[in-house]
Amino acid sequence: MYGLKKDWVMEKRPRVCVLEDYVGSEARWCPGCGDHAVLSSVQRVARDLQLPPEKTVIVSGIGCSSRFPHYMKTYGFHGLHGRALPVACGIRSRRPDLDIIVVTGDGDCCAIGTAHWIHAIRYNMNITVLLLDNNIYGLTKAQTSPTTKRTERSNTHPRGSFFVSLNPISVTLGIDNASFVAQTVDWNPPHLYETIKAAHEHKGTSFVRILQRCPHYTSHIFAEAQRDSSLMLLMRHPEGINVPDAVAKTFKNQVEHDPSNLNEGREIASQSNGVYPIGLFYKNPQAERYDDFTSYGLEMGPSAEIEAVNEALDRFMV
Amino acid sequence: MKQPAIETTTPSTTDSAKLNRRTVQQHIVEVVSDSGEGAQTCGQMFGTVSAKMGNGIWTVEIIPAEIEPPRRSSAGASGNRIRLGSNPVTNAGDTADVVIAFNEQVLYSRIDGGALKPGTLVFLESVWAEDPQEEVRNAYQEALADFKKREFEVIEVPMEKECLKHTEDPRRGKNMWALGLLCAIYERDLELVHGEIVKKFTRKGKSVVNTNLALVDAGFNWAKENLSYRFEVPVVGTPEPMVVMNGNQAVGLGAMASGMDVCSMYPITPATSASHYLASVFHKAGGVVHQAEDEIAAVGFALGASYAGKTACTITSGPGLALKSEFLGLAVMAEIPLVVVVVQRGGPSTGLPTKIEQGDLLATLYGSPGDSPKIILAAATIDECFHFVITARKLAEQFRGPVIVLTDANLATGQQPFKRPVIREEWLAPPIDQSQWDSTVPPFDWDPETGISRRPIPGQRGGEYVLTGLAHGEESRVAYESGINQRAMAMRSRKLAVLQNSLKQPKLHGASEGDLLVVSWGSTLGAVEEAIDRVREDGGKVASLHLRFLSPLEPGLKEIFGRFKKIMTVEINYSDEEGEPYITPTTRRYAQLARILRDHTLVDVDCWSRVPGSPIPPGAIEAELRKRLNTEN
Ligand SMILES: Cc1ncc(C[n+]2csc(CCOP(=O)(O)OP(=O)(O)O)c2C)c(N)n1
Ligand code: SF4
Ligand SMILES: [Mg+2]
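Because the structure is predicted, anything quoted here is derived from the model rather than measured. For every chain, the first residue of its written sequence is number 1, and the numbers climb from 1 along that sequence. A letter from A marks each chain and a number from 1 marks each ligand, given out in the order of writing. Residue-level local features of this predicted model are given only where pLDDT is at least 70; pairs of side-chain atoms are given and counted only at 80 or more, and the full residue set underlies all totals for whole chains, interfaces and linings. Excluded from the side-chain calculation are hydrogens and water; included are all heavy atoms of the structure.

1. Quick word on the overall build of chain A
The criterion, for reference: Here a helix means four or more residues in a row that DSSP labels H or I, a strand means two or more in a row labelled E, and each is numbered from the N terminus. Throughout, the radius of gyration refers to the C-alpha atoms, and the reference size of a globule is 2.2 Å times the residue count to the power 0.38. Here's how the labels work: a residue is buried when its accessible area is under 20% of the maximum for its type, exposed when over 50%, partly exposed in between, all with a 1.4 Å probe on protein chains only. What makes two residues a contact is simply this: any of their non-hydrogen atoms within 4.5 Å. Areas reported here follow the Shrake-Rupley algorithm with a probe of radius 1.4 Å; residue values treat only the protein chains shown as occluding.
Broken down by element type, chain A carries 11 helices and 9 strands. Since a compact globule built from 318 residues should have a radius of gyration of about 20 Å, the 22 Å found for chain A is in line with a globular shape. Expressed along its principal axes, the backbone C-alpha trace of chain A runs to roughly 70 × 65 × 40 Å. Here chain A holds 318 residues, and the buried ones make up 54% of them. A sequence separation of at least 24 residues applies to 68% of the contacts in chain A between residues at least 6 apart. Roughly 14,200 Å² of accessible area belongs to chain A as shown, and the carbon and sulfur atoms make up 53% of that amount.

Right, here's the structure in full:
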């Protein structure tokens, strides 16, 4: 421009995203639903890490919990029941630049979407998976879910569920190439926040099971644990979830657990004493990532592509 | 090269003076063996070499349903049919002129399939005459007697004996020897054959290449010395550069040439080989083949990539299509571009996994719940298998939704030469747009006339929206008011009408008006047109109309139908036959295109369809047309 030095640049004010930049439509979950707490934690993590909203994608399936993307002001993909993970993996396959968070429910992930859950853990693409586990099908009005405890009543099992419940953490820890497996609770915001943040920072598939209260259908399930912290076991380690001391102090039961110790993580996960372990069971930053493979050739330009097609075509010349 | 010793104990010793030379405009050759004996490779190479010499060809694989079926069983027949001609060949034709059979039992499967006629020249492996097992020897002798009764011209050929001079495992070498024999009687250029062998076997090492070269030469020389038949198929040269490939390779190349980023699939016959081919070359064009945990994940993965602005396709067959249908509904609802190639096989259920059928038209059209209008194209030739993927990619992006390309098992494995495409940059998907999005423009900014809208891509600031499969309005917010759903449905449906408006009226083959019009789609093109030509040679006032767009249909059909007394479709799918028990005009279920045409035009379109698991030969169509014309008059 006339009169300006060649190397002149307009001084841009650094972009700062505030909480409102992540807040979408008004959340329509029941009052007191644990999903509200998860939403505000995700929004705070996004703000604190200054994730650009246009580069953040929330992918979900179908369920109360899967309404999540609508309440964020980022990109979102509210797809099919059980199928969030394949979609998220597909997005990730060619977009290393996006932040991808999957929100799924216990029915969505552990029943109809089980195959995808297992294989997504194997693929270990860089995505954060939040399993909002309320031990029930909320949206469809209280049917037994895979994580519903045996003998719990639901509309499909009014005399109590016959099934032995499934432990999503043990299952995930049993899948080869799992790289980040954690558990937290919706009613402890600092722990929830730190866990989501650590999950986001991990490069690979971070699987976080969040015990989520559903006051509408299963209000009694986590009520005890909420009242009495001795029904939880806090896993601590410098490599684990970084909980402030003030928060840690409130937990009567604590255990030092090195998240690189898979077997110990499995043992803690499979305890059947009615106590919920929270924290990081396992982390392996070295696990193979499928997105390293799928993002091959991203920078290739049209002339290189045309050359490749021509070369392939010439092999068929008569 | 080592010259094989010539044995003189063989049936018809000849010298060049007594050659039985014939010039033919077209010929049909089959090679059949037990599965695993390589008749398919032999046939493919013969086809490729013939194409390279300038002949028109069309090949069809003869496929057993199992990988290792029992030996010497008619159910296990594996091989290839090659129809070669002076001019371009458009279909597999009727009965074979020449057959090479590695045992008499596999030949029976071809006889049962109506592939032979009196006078067919059969070269039959003679080793079974001296088999250690008595039953085998007897079966062979019985078959010889039977073949005589059926008036085939059988020449016994000591394939195994001759092959043993060059390889310890004649079961693996006979196919090359047989190729040599064919090349001798059709006077193929041995240099070209050598070139194909080197190309095919180089990866397996030098000694494999040399053995195969020696076997081809041995078969070639043996035939020159011992057989008097020579068939000349003159070449009407095409000046243009040509390529020859099968339909699945063409689909794979089409995906590459359209600039696809991702092909996400789950293995299923007969679609898989398209992904096999693509996996071998895709990375060179910067693409990736994702093998998902199932078909649902495959289409979900592709849609994820597409939502994120990358171009994606998924390739499947009937049962896989069924699993994908919920996601296809989402792609329609949330307007996500996607190319879906459906390589049709026999259905329903597992059906005829390796065999052709045109049974998935209605499943693609109506397979998703609710109203889910989508674009459907059907390739008629291998050339179109290539070009339609490129067209589909563009349409998917322009009309913002899934586009289905139907091919079938016949196209997938058949080979045909076509003009070498000149790759154009405009075929490639443009790089994704990451510029700022005008945040006053909603994510479904439907043009009120056409329903067409542009979509924001993650990364575009100002375009943030939540894609949803729930009913939604322009803003992609869940629609709680009743009017929104009505309007959104109209917008999505309107796009098809807009596309139909930009299509040309399809061209008739044959008479422009007359007694009978055949309407067809997919790989039946060549056979239908050949049948029409034969009937027209005898003065029949008939024509055919081959449709490429099935949703929306090409325009002007009703006007064309009005010029013919009778309209019928010819299809390879099921329809009830009038006159069978309980089947009346009101109970009768029509073939799939016929139903769509009846629905669309209100014309009383009749149909003739068959599900033999193989292409319908032109002769069968011709016979049906003549029958219909006769009952008409
Ligand atoms: C294919 C399909 N089957 C069934 C449903 C019905 N459905 C919607 S949500 C849901 C269960 C939701 O439970 P969960 O995943 O635990 O989520 P929550 O509502 O508890 O958060 C079911 C069965 C559906 N939408 N799609
Ligand atoms: S039903 Fe349960 S899970 Fe669903 S919104 Fe209400 S409280 Fe939350
Ligand atoms: Mg639930």
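2. Points about the site of ligand 2
Just so we agree on the cut-off: By convention in this text, a residue qualifies as near a molecule or strand provided that one of its non-hydrogen atoms is within 4 Å of it. Residues are grouped as follows: Ala, Val, Leu, Ile, Met, Phe, Trp, Tyr, Cys and Pro are nonpolar; Asp, Glu, Lys and Arg are charged; all remaining types, including Gly, are polar.
Every residue lining ligand 2 is accounted for by A:W29, A:C30, A:C33, A:C64, A:N134, A:Q212, A:C214, A:P215, A:H216 and A:Y217. Of the residues that constitute the shell around ligand 2, the class distribution is 7 nonpolar, 3 polar and no charged.

3. Comments concerning the site of ligand 1
Applied cut-off: The definition of a polar contact used here is a pair of N or O atoms within 3.5 Å, where within protein one atom must be able to donate a hydrogen and the other to accept one, and adjacent residues in sequence count solely through side-chain atom pairs.
Surrounding ligand 1, one finds 17 residues, the nearest of these being A:C64, A:S65, A:D106, A:G107 and A:D108. The residues that come close to ligand 1 belong to more than one chain, namely chains A and B. In the environment of ligand 1, an oxygen atom lies 2.9 Å from a nitrogen or oxygen atom belonging to the backbone of A:G107. The contact in question runs from an oxygen atom of ligand 1 to an N or O atom on the side chain of A:N134, over 3.0 Å. Its free accessible area being 590 Å², ligand 1 has 77% of it covered by the protein chains. For the shell around ligand 1, the class distribution of residues is 6 nonpolar, 8 polar and 3 charged.

4. Some words on the domain arrangement of chain B
Residue and element names in this part refer to chain B. Which entries qualify depends on this criterion: Here the limits of each domain have been adopted from an automatic or database domain assignment. We define buried area as the total accessible area lost by two parts upon association, computed with a 1.4 Å probe and summed across both. By salt bridge we mean one thing: a side-chain nitrogen of Lys or Arg within 4 Å of a carboxyl oxygen of Asp or Glu.
Domains assigned within chain B are domain 1 (19-232), domain 2 (243-427) and domain 3 (508-632). Each side of the interface is counted separately: domain 2 has 27 residues, and domain 3 has 23 residues. Between domain 2 and domain 3, roughly 2,000 Å² of surface is buried when both sides are summed, and carbon and sulfur atoms account for 62% of that area. Our count for the domain 2 to domain 3 interface comes out at 1 salt bridge. A salt bridge links E384 to R548, with the shortest nitrogen-to-oxygen separation between them at 2.9 Å. Of all the elements in the fold, those that place two or more residues in the side of domain 2 that touches domain 3 are α12 (361-366), β14 (375-378), α13 (382-399), β15 (402-408) and α14 (409-413).

5. Re the coordination of the magnesium ion (ligand 3)
Residues and elements named next belong to chain A. Test applied: Distances decide who is a donor: an N, O or S atom must be within 2.8 Å of the metal, or within 3.2 Å for Na, K and Ca. Water is not included, so sites may look incomplete.
Protein-derived ligands of the magnesium ion (ligand 3) are D106 (OD), N134 (OD1) and I136 (O), with the metal-ligand distances lying across 2.0 to 2.2 Å. Spacing between the donor residues of the magnesium ion (ligand 3) along the chain follows D-x27-N-x1-I. One end of the pair, D106, is in helix α3 (residues 106-112); the other, I136, is in the loop between β4 (127-133) and α5 (168-173), and 30 residues separate them in sequence. Look at I136 and you get buried, because its relative accessible area is 4%.

6. Things to note about the interface of chain A and chain B
Residue-level contacts link 55 residues of chain A with 68 residues of chain B. Summed over both sides, the interface between chain A and chain B buries roughly 5,100 Å², with carbon and sulfur atoms accounting for 65% of that surface. One can count 2 salt bridges joining chain A with chain B. Among the salt bridges present, the one from B:D261 reaches A:R94, with a minimum N-O distance of 2.9 Å.

7. Quick word on helix α16 (residues 525-537) of chain B
All names here are of chain B. Spelled out, the test is: To estimate the expected span of a helix, subtract one from its residue number and multiply by 1.5 Å.
Along its 13 residues, α16 runs 18 Å from first to last C-alpha, staying within 8% of the 18 Å computed at 1.5 Å per residue. Of the residues making up α16, those classed as buried are L525, G526, A527, V528, E530, A531, I532 and V535. Following α16 by one or two positions, G539 adopts a phi angle in the positive range, close to 90 degrees.

8. Considerations on the sheet that holds strand β13 (residues 338-344) of chain B
All names here are of chain B. Selection criterion: Pairing between two strands requires that DSSP report at least two bridges joining them. Only the contacting stretch of a helix is used when fitting its axis, a line to C-alpha atoms as for every element, and angles between N-to-C directions run 0 to 180 degrees.
Overall, mixed pairing links the 7 strands, which are arranged β11-β10-β12-β13-β15-β14-β21 in an open sheet. With partners counted over all chains shown, the strands left at the sheet margins are β11 (288-291) and β21 (549-551), one partner each. Geometrically, the sheet is characterised by an average inter-axis angle of 25 degrees between neighbouring strands, direction not taken into account. Two elements, β14 and β15, share 4 bridges in a ladder whose sense is parallel. Pairing of I375 across the sheet is with V403, part of β15.

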